[in-house]
Amino acid sequence: MNNYILEFKDVWKTYHMGEEKINALAGLNLGLENGSFTAVMGPSGSGKSTFLHVAGILDMPDQGVFRINGKETSKLSVKEQARLRRDEIGFIFQRFNLMSQLTALENVMLPMLNEDSSKAREILDRMGLQGKYDKRPSQLSGGEQQRVAIARALINEPSIILADEPTGELDSKNAHSIMKVLRDLNQEDGVSIVVVTHNPTSAQVADHIIHMGDGQIVNGNYIS
Amino acid sequence: MNLNKLAFNNIRRRKLRSILTMLGIIIGVATIVVLVGTTAGATTALKDETNEYMYDIIISPSVSSGSYMMDPETVSQVYKLSNIYDIKETSTFQEYIGTEIVTVVGTQDWKSVEIKKGSPGVVVDQSIADKGYGIGSKITIKDQELTVTGIVDADSTPVYVDQSVAKKIVDGKVSAISAQTKGDPKTVAQDVRKQVEGITVETKSQKVAEVQEMTNKSLLFAGIIASIALLVGIISVINTMLISVMERTKELGILKAIGFTNWEIKGSVLFESGLLGFIGSVLGVILGVLGSIAVANMLEFTEYLPMMTPWWLIIGSIVGATLLCVLAGLYPAMRASKLNVVEALRNE
């Protein structure tokens, strides 16, 4: 039994653009161990986003096997997929994707099953957002919004955080501090983290860097 | 977090649009309450006015009996019949008051006697009152001395007395008995003719039946017209919810990405449209009741106001409009739950 949090076995994903077929994932083989911190880099169109969508169960592979925590996602019902996203996965997006009408605290509590706000406050405190519970996203800086988004990703204690260009909208100082937050989460809480990024400085924070190209791994952790 | 909280938020966030959408429901429901309520009130009023015709059969002495009144034996036979109910009787006879011949009417229903002055008991026409029989004075009918208690507004020159008094004066004889029937009036009428001798039985006149039928039809017609008004409101709810879902494509994508199921998302859209319907219909009922009060005042109809705003109409309008709005949210909710997450997240 391996200890992979994410496991791709010959995964294909093809998009049709009119007549043209684009293989976003072309026989991807990859295993990421539980507790690892991985940065995924590569040019636009290399398949990074599709990789992250399949990893986050937002998209299904056309062919091949993808497992998260040992569970093969294509064998789950739509409802089970949603439950797995809620319980096991925390998403962080480039544009934060907070609900503009909700306060910071409400945004963090959104995926929660109960209405107990103490845990959400605790996580916001840890993100350095004491006293900003009732601020709406428009009243917060980009760095602060991304911290709220990280708090939201953490609220259900996921086993993995998937981040899509989390520093893409931030200046270098904020970008660095967000990466440090992720670093700490990985080291202190043992949460597995995958960050897709263009930014080499951000990528350096990770334990290892995978480069993608044409829907495959160019270098990195192969499954033999 | 419960997604229903977001639904409240959405309605509050887009105040103008929510109000305009609800306005459709408000106008629709208010129209129903006023139109159906006024018609229901008018129907009750009409039934009250035509109360003396509100019988299924009327029993009177037959010509062959040789009398214009039924003797006490015949009357008690009628009262024993099992297939009639709500039995009313009157003993009516002629009497000289001074030199003038008047009709003395025994009544069991003082509500249908329009007393102008005084109170029920012994009520005379104005022309008789003018001849020295005003309120408080004595009047002698067939050796019985009675005290006049009121004055009636009538075309003919009657004296109204309580039926119990009238019946005693004529030794328990009765001129006519009206009653409701259990089952078809014609069948019951035939049955009564067979069982009791010396009487004629007539069923309610065709004309009265037609008038009653018409009031029922007008109630239905008012309902249909008002429902069209509500339908317009419901369509605006469908429209608003569709726009709302399309506008929130990205938001719904985020909700899916962080783990909400399709059912939860569908439920929140349905809840939101139902909420629009509920608030709209409550406001509509309030407006409708105010409208009914205004109509009642205009028609000098205020005593029928409770009949114009019955509970079945108020509760029915709110429950009905809310359910219809939930239905209106079905298609938008389906659109929302079928969104592709990856595409929705790309949406700006």
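Calculation rules
Residues numbered from 1 in each chain as written. Chains lettered and ligands numbered in written order. Predicted model: local features only at pLDDT ≥ 70, side-chain atom pairs only at ≥ 80, totals over all residues. Heavy atoms only, no water. Helix = DSSP H or I, 4+ residues; strand = E, 2+ residues; numbered from the N terminus. Rg over C-alpha atoms; globule rule 2.2 N^0.38 Å. Buried < 20%, exposed > 50% of the residue type's maximum accessible area, 1.4 Å probe, protein only. Contact = heavy atoms within 4.5 Å. Areas by Shrake-Rupley, 256 points an atom, 1.4 Å probe, with all protein chains shown as cover. Lys, Arg positive; Asp, Glu negative; His and termini not counted. Charge placed at Lys NZ, Arg CZ, Asp CG, Glu CD. Buried area = accessible area lost by both parts, 1.4 Å probe. Salt bridge = Lys/Arg side-chain N within 4 Å of Asp/Glu carboxyl O. Polar contact = N/O pair within 3.5 Å; in protein donor to acceptor, adjacent residues only side chain to side chain. Nonpolar A, V, L, I, M, F, W, Y, C, P; charged D, E, K, R; others polar. Pairing = 2+ DSSP bridges. Axes fitted to C-alpha atoms, helices over the stretch in contact; angles between N-to-C directions. Domains from an automatic or database assignment.

Participant: Any chance you could explain the overall build of chain B here in plain terms?
Facilitator: Counting its regular elements, chain B contains 13 helices and twelve strands. For 348 residues, the compact-globule estimate of 2.2 N^0.38 gives 20 Å, and chain B exceeds it by more than 25% at 32 Å. Judged by the C-alpha coordinates and their principal axes, chain B covers about 100 × 45 × 30 Å. A burial count over chain B gives 46% of its 348 residues as buried. Taking as baseline every contact in chain B between residues at least 6 positions apart, the subset at least 24 positions apart corresponds to 80%. Only carbon and sulfur atoms are counted for the fraction: they give 60% of the accessible area of chain B, which is about 17900 Å². Averaging the coordinates of the 32 positive side-chain charges in chain B and doing the same for the 34 negative ones gives two points 16 Å apart.

Participant: Explain the interface of chain B and chain A here, please?
Facilitator: Put simply, an interface is often sized by how much accessible area is lost when its parts join up. The partner chain A presents 25 residues to the 24 residues of chain B that form the contact. Between chain B and chain A lies a buried interface of about 2100 Å² when both sides are counted; carbon and sulfur atoms form 62% of it. At the boundary of chain B with chain A, the tally comes to one salt bridge. The closest approach of N and O atoms between Glu 264 of chain B and Arg 83 of chain A, which form a salt bridge, is 3.5 Å. Inspection of the chain B/chain A interface yields five residue pairs in polar contact (both at pLDDT 80 or more). Sorting the residues of the side of chain B that touches chain A by element identifies helix 1 (3-13), helix 8 (249-257), helix 9 (262-298) and helix 13 (341-346) of chain B as the ones contributing at least two each. Here the side of chain B that touches chain A takes six residues from helix 8 of chain B, the largest share from any one element. Residue classes in the side of chain B that touches chain A are distributed as ten nonpolar, six polar and eight charged.

Participant: Before we go on, may I ask you to explain the sheet that holds strand 1 (residues 57-61) of chain B in this structure?
Facilitator: Whenever strands of a sheet pair, they do so through backbone hydrogen bonds, lying parallel or antiparallel. Residue and element names in this part refer to chain B. On the basis of which strands lie adjacent, the open sheet formed by four strands has the order 2-11-1-12 and antiparallel pairing. On the outer flanks of this sheet lie strand 2 (84-90) and strand 12 (199-203), each paired with one strand and no other. Adjacent strand axes in the sheet meet at a mean angle of 20 degrees when their direction is disregarded. Of the strand pairs in this sheet, strand 2 and strand 11 (residues 176-181) are connected by five bridges, and their pairing is antiparallel. The residue bridging Glu 89 from the neighbouring strand is Ile 177, located in strand 11. Most of the contacts of helix 3 (residues 72-80) go to strand 2, to which it runs at about 155 degrees, and overall it touches strand 1, strand 2, strand 11 and strand 12. The sheet strands contacting helix 6 (residues 185-195) are strand 1, strand 2, strand 11 and strand 12, and the helix crosses strand 12 at an angle near 180 degrees.

Participant: Would you mind going over the sheet that holds strand 5 (residues 115-118) of chain B with me for this structure?
Facilitator: Residues and elements named next belong to chain B. The six strands lie next to each other as 3-4-10-6-9-5, forming an open sheet whose pairing is mixed. The sheet terminates laterally at strand 3 (92-97) and strand 5, the two strands that pair on one side only. Averaged over all pairs of adjacent strands, the angle between their axes in this sheet comes to 25 degrees, without regard to strand direction.

Participant: Can you walk me through the domain arrangement of chain B in this structure?
Facilitator: According to the domain assignment, chain B consists of domain 1 (3-49 + 209-346) and domain 2 (57-204). The C-alpha centroid of domain 2 of chain B is placed 52 Å from the C-alpha centroid of domain 1 of chain B.

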